[in-house]
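Chains, contacts and geometry: an overview
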Amino acid sequence: MSDKNQDLRATLLAFGGTLLGLGLGAIGFQYLILADFIAELSPAPAGLPARALWATLAGLALVIAGVAIVVRARLRTAALALAALLFLILVALHVPNVIAKPASGGAWTPAMELLALGGAALMLLGMTGGDSRLVLIGRRCFGVTLPVFGLLHFVYHDYVASVIPSWIPAPQFWAYFTGLAHVAAGLAIVTGVRARLASVLLGLMFGSWVLIRHLPRVAAALNSRPEWTSLFVATAMCGSAWLVVASLTRERERPLEYHS
């Protein structure tokens, strides 16, 4: 790979990793403040023994891993720990919830978010360790979630339209359009056909949501914990999309390091 491409890949890796670390670290901080699981992200049973302890440990792990990724310290260890934790929460909490509520968008959405973010952590681990198999697995984990998000946009189009900023015209059109964009991006990333273009557009779309939807909603309701959580998830998802772009910026033959 040319030095120019190597530099671009490292920059994309740093940008995507920073957003991923910031988003997940902030979510972990919420766990610590609450000493409890965030229901929409981790639907732990009400009778879970030592619930506060497990939530605190999960929050601490998210904060430590997120900070490590942002400051570029022990990056591979942080990415491995993050992937393990996210997939553990997915299997232990979300899979049973989806099985119990197969027709509920409220069950599918956070499950797919955890799968996508776990895939991003695997991509980060693979790119910094020179393991192309992990990169591919992580990218496909991320990619397969997008058509599900798209389908949910179609099913819950009225809700999606309702959260589009009022100054944007034709909210129903954008609800369907963004749903279609999710489906197209997911198919592109999984199949590898126009995958890099699709992931760039996806990163831009997620980033625009952070700026024009989530930040204003947080500013208007600073005491709303769900709005903060939505902002953090959107930030992490945006970072994940840019990690996909980094992973598709030509393969390299040595582990890729962050720029200092």
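For the structure, check the block above.
Okay, so let's go over this structure.

Rules of the game
Residues numbered from 1 in each chain as written. Predicted model: local features only at pLDDT ≥ 70, side-chain atom pairs only at ≥ 80, totals over all residues. Heavy atoms only, no water. 1 Å grid on protein atoms, 1.4 Å probe; cavity = no way out; pocket = protein on both sides within 12 Å on 5 of 7 lines; lining within 4 Å. Points joined across faces, edges and corners; volume = space filled by probe spheres on them. Helix = DSSP H or I, 4+ residues; strand = E, 2+ residues; numbered from the N terminus. Nonpolar A, V, L, I, M, F, W, Y, C, P; charged D, E, K, R; others polar. Phe/Tyr/Trp six-rings, centres within 6.5 Å; stacked < 30°, edge-to-face > 60°. Buried < 20%, exposed > 50% of the residue type's maximum accessible area, 1.4 Å probe, protein only.

**A word on the layout of surface pockets**
Taken as a whole, the largest pocket holds about 1,300 Å³ of empty space. As for the largest pocket, its lining consists of 43 residues, of which His153, His182, Trp209, Arg213 and His214 are closest to the centre. Of all the elements in the fold, those that place two or more residues in the lining of the largest pocket are α4 (105-129), α5 (132-155), α6 (157-162), α7 (171-191), α8 (195-220) and α9 (225-247). For the lining of the largest pocket, the class distribution of residues is 28 nonpolar, 10 polar and 5 charged. Of the volumes computed, that of the second largest pocket is approximately 230 Å³. Lining of the second largest pocket is provided by Phe37, Ala44, Leu48, Trp54, Leu57, Ala58, Leu85, Leu88, Ile89, Ala92 and Leu93. In terms of residues, the lining of the second largest pocket owes the most to one element, helix α3 (residues 75-100), which gives 5 residues. Broken down by class, the residue content of the lining of the second largest pocket amounts to 11 nonpolar, no polar and no charged.

**Topic: the packing of aromatic side chains**
Counted under the stated rule, the structure contains 8 aromatic pairs. Taking 6.1 Å as the distance between ring centres and 65° as the angle between the ring planes, the aromatic pair formed by phenylalanine 15 and tryptophan 242 counts as edge-to-face. On the criterion of sequence distance, the pair formed by phenylalanine 15 in helix α1 (residues 3-34) and tryptophan 242 in helix α9 is long-range, its members being 227 residues apart. Since its relative accessible area comes to 42%, phenylalanine 15 is described here as partly exposed. Ring geometry for tyrosine 31 against phenylalanine 37: centres 5.9 Å apart, planes inclined by 80°, an arrangement best described as edge-to-face. Using a relative accessible area of 2% as the deciding quantity, one classes tyrosine 31 as buried.

Bear in mind that shape data such as this cannot, by itself, settle questions of function.
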